[in-house]
Structures are given as structure tokens and as C-alpha cells.
Amino acid sequence: MVNPSLARFSKALDKVAIWSGEIVSWMIVPMVLSLTYEVIARYGFSSPTLWAYDMTFMLYGSFFMLGAAYTLQRKGHIRTDSFYGSWQPRTKGIVDTVCYIGFFFPFVYIFLVTGFEYFWKAFETNEKFVSSPWMPITWPFKLSMPLMGLLLAIQGVSELAKSIYAARYNSWPDEGVRHES
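A brief structural summary.

Calculation rules
Residue numbers restart at each chain and count upward from 1, following the sequence in its written direction. Selection of residues for local features in this predicted model requires a pLDDT of at least 70, selection of side-chain atom pairs for listing and counting requires 80 or more, and totals for whole chains, interfaces and linings are taken over all residues. Hydrogens and waters are ignored; side-chain quantities use all the structure's heavy atoms. In this description a helix means any DSSP run of H or I spanning at least four residues, a strand means any run of E spanning at least two, and both kinds are numbered starting from the N terminus. Radius of gyration means the value over C-alpha atoms here, while the globule rule gives 2.2 Å times the residue count to the 0.38 power. Accessible area is worked out with a 1.4 Å probe on protein chains only. A residue is then buried under 20% of its type maximum, exposed over 50%, and partly exposed in between. By definition in these notes, contact holds between two residues if any of their heavy atoms fall within 4.5 Å. Using a 1.4 Å probe, the Shrake-Rupley method yields the accessible areas, and only the shown protein chains count as cover for residues. Throughout this description, the term nonpolar core refers to a set of buried Ala, Val, Leu, Ile, Met, Phe, Trp, Tyr and Cys residues connected via side-chain atoms within 4.5 Å.

1. What to know about the overall build of the protein
Right, so step 1: Along the protein, the regular secondary structure elements total eight helices and zero strands.
Right, so step 2: Counting from the amino terminus, helix and strand elements in the protein follow one another as α-α-α-α-α-α-α-α.
Right, so step 3: Radius of gyration (C-alpha) of the protein: 20 Å, far over the 16 Å computed for a compact globule of 181 residues.
Right, so step 4: Along the first, second and third principal axes, the C-alpha atoms of the protein reach 70 × 35 × 30 Å.
Right, so step 5: Here the protein holds 181 residues, and 38% of them are scored as buried.
Right, so step 6: Counting only contacts in the protein whose residues sit at least 6 apart along the sequence, the fraction spanning at least 24 positions is 73%.
Right, so step 7: Only carbon and sulfur atoms are counted for the fraction: they give 70% of the accessible area of the protein, which is about 11,100 Å².

The structure is reproduced here in C-alpha cells:
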């Protein structure tokens with residue numbers, strides 16, 4: 001008797017990571033355009049910009065952080081498979097459950113709280129990047145830190161539900177997509 005409620009719950013949460021990943025993927029377009037503009041302006045017209053470098057590192061940093069939940073959902077993070085790869089789904093589920101509870105969620109909580117504090121301070125003080133002649137405000141960039149924490153927390157709950165499912169039923173709820181043994 002397999003309980004599909006954990007699988008349905010996980011699948012519903014996965015939609016958040018998929019949706020956010022698809023939106024965040026579009027950040028690559030303005031990043032590439034600003035880099036292209038900078039290269040053409042600098043080398044074609046000897047007229048470098050003040051803003052292109054800052055725009056590029058803020059977009060790439062945000063792209064990297066906000067894509068973390070999508071990467072987790074798609075099993076794109078690094079895993080050491082020396083032992084894990086040969087384990088049964090039940091063992092993998094138990095190990096994953098312990099690791100999510102013991103390591104993943106504490107990290108995500110700290111990142112969420114600390115990231116929000118960094119964002120809020122920047123927002124309240126209208127902080128600017130003083131290392132840049134353009135001096136853009138920092139809070140939109142720093143907002144990506146607590147958002148990453150929130151998106152990772154949501155996807156982490158989904159992954160925890162999948163792990164519990166695997167531990168209970170010795171199979172993954174999305175068996176054809178996940179954890180080849």
C-alpha cells in the first residue's frame with residue numbers, strides 16, 4: 001500500500017522551484033546584452049561603460065543564487081556517489097532525511113535570516129556599492145539572498161518529503177526521474 005500524499009505534496013512544491021527557475025533563467029539575457037554592449041563600447045569605440053561590470057556581477061550573482069532551488073529540484077548539485085549510488089532507495093531515503101534535517105535546513109535557516117538582515121540594512125540605508133563609480137544601490141542584489149533561502153527551504157521540504165517517501169516505501173515517488181541505482 002503506497003501513500004501518494006507525500007508524492008503529491010512534493011510535486012506541488014516542485015512547481016515553485018520549476019517556476020522560479022524558468023523566470024530566473026531570463027536574467028541571462030540582460031547579462032549577456034550588458035557584456036556585449038561593454039565589449040563593443042570598450043574595444044570598438046574606446047568608450048568603456050561605468051555600469052556594465054556592476055550589472056553583470058549583480059545579475060550573475062542573483063542568477064546563481066536564485067537558481068539554486070531549481071538546481072536542487074533537477075538533481076544538479078554535486079553528490080558523492082561512492083557509496084550512495086549502490087544503496088537501495090530506502091537507505092538513500094533515510095540518509096537524505098537525516099542530512100536534510102541535520103545539515104540542509106539549519107544552513108538554509110541561517111542563510112535566510114542573515115540574508116534578510118543584509119537586505120534590510122541595505123534597503124533602510126539605501127546602501128550603494130562604493131567600490132563602483134556608478135554606485136548602484138545594493139538592496140535589489142542583496143534581496144536575492146533571502147529569496148534564495150526561501151526558495152531553497154521550499155524545495156528542501158519537497159526533497160525531504162521525497163526522502164521520507166523513499167525511506168517508507170523503498171522507491172522514489174518520481175522513480176523514472178530520480179536516483180539511478
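2. Notes on the nonpolar core
Right, so step 1: Phe104 and Leu152 are the most contacted members of the largest nonpolar core, which totals 19 residues.
Right, so step 2: Those elements that provide at least two residues to this core are α1 (4–24), α3 (52–66), α4 (68–73), α6 (89–125) and α8 (144–169).
Right, so step 3: With six residues, the top contributor of residues to this core is α8.
Right, so step 4: Among the nonpolar cores identified, the runner-up in size contains five residues, and Leu6, Ala7, Tyr165 and Tyr169 belong to it.

As far as function goes, none of this settles anything; it's purely spatial.
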